[in-house]
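One letter stands for each residue in the lines below.
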Amino acid sequence: MAATLSLLSLSQLRCEYLVNPLGIDRTRPRLGWILQAVDPERRGLRQVAYQILVASSEDLLAAGSGDLWDSGKIASAQSTHVPYAGQPLTSGQRCWWKVRAWDNSEGVSEYSEPAWWEMGLLDDTDWQGQWIGLKDLATISRELDEIDREVLAQRLGLLASPYLRKGATLPHTVRRARLYTTAKGVYEIHINGQRVGDALLAPGWTDYYKRIQYQTYDVTEHLRQGENVIGAILGSGWYCGHVGFLADDVGYKYYGQEPRLLLQLHIEYADGTSEMIASDETWQGTFGPIVYSDFLAGETYDARYELPGWDEAISGIGSTAIWQPVLVEPRNETPRLVADCAEPVRITETLHPQGVTEVSPGVHIYDMGQNMVGWVRLRVQGEPGTRVQLRFVEMLNPDGTIYTINLRSARQTDSYILKGDGQETFEPHFTFHGFRYVEVTGYPGQPTLDTITGYMIQSATPPAGTFECSSPMVNQLQRNIVWGQRGNFLSVPTDCPQRDERLGWMGDAQIFIRTACYNMHVAAFFNKWMNDVVDAQSANGAFPDVAPRLVVKTDGAPAWGDAGVIIPWTIYQMYGDTAFIEQHYDAMTRWLDYLQRANPDLLWTNLLNNNYGDWLSIAADTPKEVMATAYFAYDALLLSRMARVIGRYDEAEKYHALHKNISAAFCKAYVSPDGKITGDTQTCYVLALHMQLLPAELRLLAAQRLVADIEKKGWHLSTGFVGVGYLCPVLTDNGYVDVAYRLLNNDTFPSWGYSIKHGATTIWERWDGWTEEHGFQDPGMNSFNHYSLGSVGQWLFQDVAGINLDMEHPGFERALIRPYPGGGLTYVRATYQSIHGSISSHWQLDEHNNLTLHVSIPANTTALVSIPAVSQEHVFEGGTPAEQAAGVKFLYKEEGRVVYEVGSGTYQFAVR
Ligand code: BGC
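Predicted model, so just to flag it, every value in this text is computed and none were measured.

(A) Structural detail: the site of the ligand. Residues in contact with the ligand, as listed here, are Asp495, Arg499, Glu501, Trp505, Asp508, Trp560, Tyr612, Trp615, Phe721, Glu765, Met781 and His786. At a separation of 2.7 Å, an oxygen atom of the ligand approaches a polar side-chain atom of Glu501. Contact between the ligand and His786: an oxygen atom at 2.9 Å from a side-chain N or O atom of the residue. In isolation the ligand exposes 310 Å². Once the protein is present, 96% of that is buried. Here the shell around the ligand is built from residues that sort into six nonpolar, one polar and five charged.

Encoded structure:
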């Protein structure tokens, strides 16, 4: 029988989490799509089969050919992570694909719109280019006319930006051109006067000794038959600029002395011939206007030294004496070149200043209204040689001047020296700042609000979640969490974006990752970073404190090193990605073996390394070995689950037993029969409960002690980084959601609300970053943009809105919709774009406290909906008793709740 037209439509085709990725090096990339009901009213739609066609051209695909792969009709509900299984793919190959699905009412959908991916350079021998940079810097610098001392000194200090160029005559019309490029340092590419792509600070940060990412650009439109010029500007970046703590300078020139470029331009002509242009000895180089550019120090740009037309084919430019032959270094197999597999850093928002004040003559301070990360564009007009200075800070002193001291030795200063020919604009190239306020000095004339424009930069992970409720303060909290994430996810998850640090701290990342996943699509981002984590693993199996590992070279402390286990587990839970587990399984077991070898009595008391403890807790010192042992057990628990997921059942048993044994050792050493845990802090109980260390009879007592401690502190929290993420979820799971709400709603110290009451627009590093009593905390460590304490965001989504995971059905293939109305909120509205499609939960209470819950569940998934109601007689869906509603199945009753199973669709539950 001919199949009828399906009720499903397919869209959002992705390959390795990305839409139409250009240049990937996974040879069997994984494909995914989102299914939607054509009729939004339709419930319970499932995919029962799919067919994927992959073709070598768009035309072939349109004609219905799958010359690279025709999967045939596969009876399966899988719509995520389907591995390509067609012809072997070659470097640079473009693959066009589409997919259709059969649904559970015997219809077959139309094929989706076509999508594509393109392979990168798969073989080391594909790389013909060599590393090039500036030769004989001293000579070039001295040859430049009228150079001032600062310019010369800084150029010789090698933080000046090299400009590199090559002219090329292309004999024919260009049909297709790809640029593969990377740098030791950071780069900007220009072709024929135009910047290529919008990626910033590429190639991103990795351990440059081991692995360097390259980016692929489609530059077909940039090239033309005849004369062309390819140009590059290099910055020091993470490679040879200041990274980490400036004071001890160990992060300066850590990977190398000077920046280098590696590039290949693959050109195919209309007549079928091809050509490759690579970075080699035929290039020329010089210095230009970027006198100095460094992440921590800022950028100095002297417009008088601009090189007009340097990236264009203008006769004469390339032959001036300043342009010198470049220095060439051969490329070796290490560092390995890998395709960039995540979203690039980009400008994601433009911000305009909210106000400007002149605090003293000629000193103007702009308020951007938001603690942000990036830079500003300056507009100015004046005499040549005039120097305008911009300094960037997070806070102001009481007298309105800029508060710089918490930046430690990060100067965060940009300087622009005018060339003096009318209206000029300046934006820095290879630096970024964490700031809310900008001090402008040296400005010729009266600056206005239009003088500067702010640009927010971040790893451009697309937004995934929204959360809104009836409390303005909680909405601001959610906003601050998101801004903290945006500002700190910059190639790696950093601790802070402003002071001299900005490192990939593992502890911060592990506590925040679940929140991060709700806010944005971060799978590709963490896929990349987990490689950095594994690159940073010691030979003995130890994960680091920071990844990439530099500056803080120590092996990982408890709750920091454990990120190496928690990251894969969380990515698996949120995205259903088992390959992620497989890829890193050995690294994880090496970490656990390392801990076990050193701690045969199963208390983590040896190799505590930097042993930070429950970092920045408030007057509550969780004993470090209690915290450490809890994490040791947690690693074993997660590894046992992950071993099971990938079918390693014996090892799953082994780690399960290890978790039991560590828990027993924990209880014996630290827990008394009345449930008291050594240290008696909130974090002790939170960890013991979350990490399943306690026998059933002690769980209740531990939860009571947790609440008693919160009460003793006047209903305040005292947790630091390590306890904070699980605090509200644990209270909720153990019957104390009212206490969790009390903490959420607090605005007295210490609380999230306290910072908001005092104007925070991001999450602060410390609960007491600023207090009415003491003013600013110790400037030695006091960032106002640190995301860790924002890890409560997980709870807002999973329990307040109730968009939770079902651990047995990861990737929201079956969601658990379990909201906990309370805390005086009258409504909550949240959405989450899962890898299976958009889930939403919207609850509201009327004036009689009657609950209505709107839920929407994507096609091809199901959900358990857990409704707070005394019994099922009180629950209605769309006006009929819920049990009788189409597509709703009563499952069971549990304390104070009724649980239903639903298929895809939208539902409106009411409790009356
Ligand atoms: C960082 C933290 C980090 C910590 C280690 C601090 O300097 O800013 O976020 O986790 O050190 O305890």
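(B) Inspection of the packing of helix α9 (residues 578–598) against helix α10 (residues 624–645) at higher detail. Where α9 contacts α10, the two axes come as close as 10 Å, and the packing angle between them is 145 degrees. The hand of the α9/α10 crossing is left-handed. Between α9 and α10, the contacting residues are Thr578, Ile581, Tyr585, Met588, Thr589, Trp591, Leu592, Leu595 and Gln596 on the first element and Phe632, Asp635, Ala636, Leu639, Met642, Ala643 and Val645 on the second.

(C) Geometry of the sheet that holds strand β42 (residues 803–805). The sheet built from five strands is open, its strands ordered β42-β43-β47-β51-β50 with mixed pairing. Looking at which strands have only one partner, the edges of the open sheet turn out to be β42 and β50 (888–894). Geometrically, the sheet is characterised by an average inter-axis angle of 25 degrees between neighbouring strands, direction not taken into account.

(D) Up close: the packing of helix α6 (residues 506–519) against helix α14 (residues 721–733). Running from N to C, α6 and α14 point in directions that differ by 0 degrees, and their axes come no closer than 9 Å. One element, α6, and the other, α14, form an angle in the roughly parallel class. Where α6 approaches α14, its residues Asp508, Gln510 and Ile511 are matched on the opposing element by Phe721, Val722, Gly725 and Tyr726. Its residues placed into classes, the contact of α6 with α14 shows four nonpolar, two polar and one charged.

(E) Highlighting empty space enclosed by the protein. Enumeration according to the criterion identifies six cavities of 30 Å³ or more in this entry. The calculated volume of the largest cavity comes to roughly 140 Å³. Looking at the largest cavity, it is lined by 17 residues, and the ones nearest its centre are Gly204, Asp340, Glu343, Pro344 and Ser491. The set of elements that each furnish at least two residues to the lining of the largest cavity consists of β17 (211–218) and α7 (523–535). Looking at the lining of the largest cavity residue by residue, the class counts come to nine nonpolar, five polar and three charged.

(F) The arrangement of the nonpolar core in detail. Ranked by internal contacts, the top residues of the largest apolar core, which has 226 residues, are Tyr631 and Phe909. Considering every element that reaches this core, the biggest residue donor is α10, with 14 residues. Leu179, Ala199, Val219 and Tyr269 belong to the second largest nonpolar core, which has 31 residues in total.

(G) Structural detail: the layout of surface pockets. Its volume calculated, the largest pocket comes out at about 1,200 Å³. Taken together, 45 residues make up the lining of the largest pocket; nearest its centre are Pro729, Asp733, Gln798, Asn804 and Arg818. Where the lining of the largest pocket is concerned, the elements lending two or more residues are α6, α8 (563–575), α10, α12 (682–690), α14, α17 (793–801) and β42. Considering every element that reaches the lining of the largest pocket, the biggest residue donor is α14, with five residues.

(H) Region of the structure containing the pairing of β17. Within β17, seven of the eight residues are buried, leaving the element largely enclosed by the surrounding structure. Examined bridge by bridge, strand β14 (residues 174–184) and β17 share four bridges and lie antiparallel to one another. Each residue of the ladder has a partner; that of Tyr180, found in β17, is Thr216. The sheet contact formed by β17 and strand β26 (residues 336–339) spans four bridges and is parallel. Within β26, the residue paired with Ile212 across the bridge is Leu337.

(I) The packing of aromatic side chains, seen in detail. Counted by the stated rule, this structure contains 52 aromatic pairs. Geometrically, the ring pair formed by Tyr17 and Tyr575 is edge-to-face, given 5.7 Å between the ring centres and 80 degrees between the ring planes. Placement of Tyr17 in the loop between β2 (8–15) and β3 (22–24) and of Tyr575 in helix α8 is noted, with a sequence separation of 558 residues between them. A ring pair is formed by Phe526 and Trp529, whose centres lie 6.2 Å apart and whose planes are at 70 degrees; its orientation type is edge-to-face. Here the residue Phe526 and the residue Trp529 both occupy positions in helix α7, the gap between them amounting to three residues, near one helical turn. Since its relative accessible area comes to 0%, Phe526 is described here as buried. A relative accessible area of 0% places Trp529 in the buried class. A network of ring pairs unites the aromatic residues Phe489, Phe512, Phe525, Phe526, Trp529 and Tyr787 as a single cluster. When the ring centre of Trp116 is taken as reference, the NZ or CZ atom of Arg94 above it lies at 3.6 Å. Here Lys98 stacks its cationic end above the ring of Tyr111, 4.8 Å away from the centre of that ring.

About the cut-offs
Residues numbered from 1 in each chain as written. Predicted model: local features only at pLDDT ≥ 70, side-chain atom pairs only at ≥ 80, totals over all residues. Heavy atoms only, no water. Near = heavy atom within 4 Å. Polar contact = N/O pair within 3.5 Å; in protein donor to acceptor, adjacent residues only side chain to side chain. Areas by Shrake-Rupley, 256 points an atom, 1.4 Å probe, with all protein chains shown as cover. Nonpolar A, V, L, I, M, F, W, Y, C, P; charged D, E, K, R; others polar. Axes fitted to C-alpha atoms, helices over the stretch in contact; angles between N-to-C directions. Helix = DSSP H or I, 4+ residues; strand = E, 2+ residues; numbered from the N terminus. Left-handed = near helix turned anticlockwise from the far one by under 90°. Contact = heavy atoms within 4.5 Å. Pairing = 2+ DSSP bridges. Parallel < 35°, antiparallel > 145°, perpendicular 65-115°, else oblique. 1 Å grid on protein atoms, 1.4 Å probe; cavity = no way out; pocket = protein on both sides within 12 Å on 5 of 7 lines; lining within 4 Å. Points joined across faces, edges and corners; volume = space filled by probe spheres on them. Core = buried A, V, L, I, M, F, W, Y, C linked by side-chain atoms within 4.5 Å. Buried < 20%, exposed > 50% of the residue type's maximum accessible area, 1.4 Å probe, protein only. Phe/Tyr/Trp six-rings, centres within 6.5 Å; stacked < 30°, edge-to-face > 60°. Lys NZ or Arg CZ within 6 Å of the ring centre and 35° of its normal.

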